[in-house]
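What the coordinates show
The residues making up each chain are set out below.
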Amino acid sequence: MHTHMILNALRILREQKPLVVNITNYVVMNNTANALLAVGASPIMAHSRQEMAEMMSFAGALVINIGTLDSEWIERMTFAIEQANLHKKIIVLDPVGCGASLLRTATSRRFAELAERLIIRGNASEIIALAGESSQGKGVDAMDSSSAAIKAAMTLMKAYDASVVVSGKTDYIINKTFIQQEKNILALDNGHAMMPLVTGMGCSLSALTGAFSAIGETSGLAAAAVFGVAGEIAAEHANGPGSLQLAILDALYNLDEATLAERLTLTAIDTSDRIIG
């Protein structure tokens with residue numbers, strides 16, 4: 001059932017080419033815009049408050065990434081979230097470096113509280129810190145395993161009525177519908193160990209999460225599946241992190257439904273942490 005949903009979501013995304021507004025950090029703007037284009041979506045890297053109300057009236061989703069945060073950006077992001085709420089658009093929050101500073105942690109929580117239709121995508125340390133627990137983050141890098149963040153992700157799901165994607169060696173998808181209907185969370189074991197050596201991999205996943213949410217796939221599962229498989233394929237053709245960065249764009253562009261279905265490694269885990277198939 002989940003595999004069919006993922007494949008269908010990729011097909012619809014490429015048909016509809018949803019427009020995604022990204023207020024993201026200076027380091028990854030080019031990476032995330034190209035990832036969205038490669039998968040079949042349409043990016044706008046908008047930051048001006050003067051045009052944000054207009055943008056959110058016709059965009060499909062808003063991605064907020066706090067990687068290069070300052071007071072001016074905080075106010076722009078706040079206004080963008082308010083406009084997304086007004087137009088009932090999905091907001092993807094990437095709390096980059098949450099837990100590394102009081103500013104990042106407080107701002108992430110403020111944005112999560114403000115957003116009415118929310119998906120949170122972060123690494124384990126960011127998710128743990130956002131939930132108010134003790135994490136082992138180092139700057140924007142995760143020092144915690146993704147499985148260590150499951151409890152924190154469940155807390156965030158309940159506190160903010162959000163879907164939560166914890167990315168890492170294994171990606172975990174914590175979604176209220178999956179838990180209510182199936183009594184499980186989902187784990188994806190695609191991707192490659194070289195991916196954390198390229199800046200912006202998580203940021204690109206957040207951008208793709210926004211693209212899929214714009215066509216109605218609001219769990220975060222399809223984006224994580226597509227990006228993980230693309231990273232896995234890219235690593236087979238890369239000689240190192242530099243060529244991996246380019247190869248991921250090619251893999252996203254060329255990924256077809258048959259390859260995605262064949263490579264997908266998806267496991268359901270019940271809410272008492274017992275693997276059920």
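Overview of the structure. (Residues numbered from 1 in each chain as written. Predicted model: local features only at pLDDT ≥ 70, side-chain atom pairs only at ≥ 80, totals over all residues. Heavy atoms only, no water.)

**Some remarks on the packing of aromatic side chains**
Inspection of every chain in the model, using the stated rule, returns one aromatic pair. Note on Y26 and W73: the rings are 4.9 Å apart at their centroids and 70° apart in plane angle, and the pair reads as edge-to-face. In this pair, Y26 is assigned in the loop between β1 (19-23) and α2 (29-39) and W73 in helix α4 (residues 71-86), connecting sequence segments 47 residues apart. The ring of F79 has R49 sitting right over it, with the charged end atom 4.2 Å from the ring centre. (Phe/Tyr/Trp six-rings, centres within 6.5 Å; stacked < 30°, edge-to-face > 60°. Helix = DSSP H or I, 4+ residues; strand = E, 2+ residues; numbered from the N terminus. Lys NZ or Arg CZ within 6 Å of the ring centre and 35° of its normal.)

**Remarks on unusual backbone geometry**
Despite not being glycine, K88 shows a phi value in the positive range, around 60°. Backbone geometry places K183, a non-glycine residue, at a positive phi of 60°. Taking the relative accessible area as the measure of exposure, K183 reaches 52% and is therefore exposed. (Buried < 20%, exposed > 50% of the residue type's maximum accessible area, 1.4 Å probe, protein only.)

**So, the layout of surface pockets**
One way to see where empty space is left: roll a probe the size of a water molecule over the atoms. Approximately 1,000 Å³ is the volume attributed to the largest pocket. Around the largest pocket, the lining is made up of 40 residues, and of these N123, S167, P196, M201 and G202 lie nearest the centre. Of all the elements in the fold, those that place two or more residues in the lining of the largest pocket are β5 (118-123), α6 (124-130), α9 (201-214) and α10 (221-235). Looking at which element gives the most residues to the lining of the largest pocket, the answer is α9, with four residues. Across the lining of the largest pocket, the residue classes tally to 16 nonpolar, 16 polar and eight charged. Taken as a whole, the second largest pocket encloses approximately 210 Å³ of empty space. (1 Å grid on protein atoms, 1.4 Å probe; cavity = no way out; pocket = protein on both sides within 12 Å on 5 of 7 lines; lining within 4 Å. Points joined across faces, edges and corners; volume = space filled by probe spheres on them. Nonpolar A, V, L, I, M, F, W, Y, C, P; charged D, E, K, R; others polar.)

**Details of α2**
Of all the positions in α2, only N31, T32, A33, A35, L36, A38 and V39 are classed as buried. At its buried positions, α2 is contacted by α1 (2-16), β1, β2 (42-44), α9, α10 and α11 (241-254). (Contact = heavy atoms within 4.5 Å.)

**Some remarks on the nonpolar core**
Of all hydrophobic cores here, the largest spans 53 residues; its most connected members are F212, L244 and L252. Among the elements of the structure, α1, α2, β4 (90-94), β8 (184-188), α9, α10 and α11 are those that each provide at least two residues to this core. If one sorts the elements of this core by residue count, α10 sits on top with twelve residues. The residues touching L252, leaving out its near neighbours within four places in the chain, are R14, A35, A38, V39, L208, V226, F227 and A230. Grouped together as the second largest cluster of nonpolar side chains are 50 residues, A59, I66, A84 and M157 included. (Core = buried A, V, L, I, M, F, W, Y, C linked by side-chain atoms within 4.5 Å.)

**Here we look at the side chain of E217**
Considering the arrangement of structural elements, one finds E217 in the loop between α9 and α10. Separated by 2.9 Å, the side chain of E217 and the backbone nitrogen of A222 make a polar contact. (Polar contact = N/O pair within 3.5 Å; in protein donor to acceptor, adjacent residues only side chain to side chain.)

**With respect to the sheet that holds strand β3 (residues 61-65)**
One open sheet accounts for nine strands, arranged β2-β1-β3-β4-β5-β6-β7-β8-β9; its pairing is mixed. Pairing within the sheet leaves two strands with one partner each, and these edge strands are β2 and β9 (266-270). On average, each strand axis in the sheet is tilted by 20° relative to the strand beside it, whichever way the strands run. Two elements, β8 and β9, share five bridges in a ladder whose sense is antiparallel. Paired with I185 across the strands is I269, a residue of β9. Each of β1, β3, β4, β5 and β6 (163-167) is contacted by α9, which is oriented at about 170° to β4, the strand it contacts most. Along the sheet face, α10 touches β6, β7 (171-174), β8 and β9 and points at about 20° away from the line of β8. (Pairing = 2+ DSSP bridges. Axes fitted to C-alpha atoms, helices over the stretch in contact; angles between N-to-C directions.)

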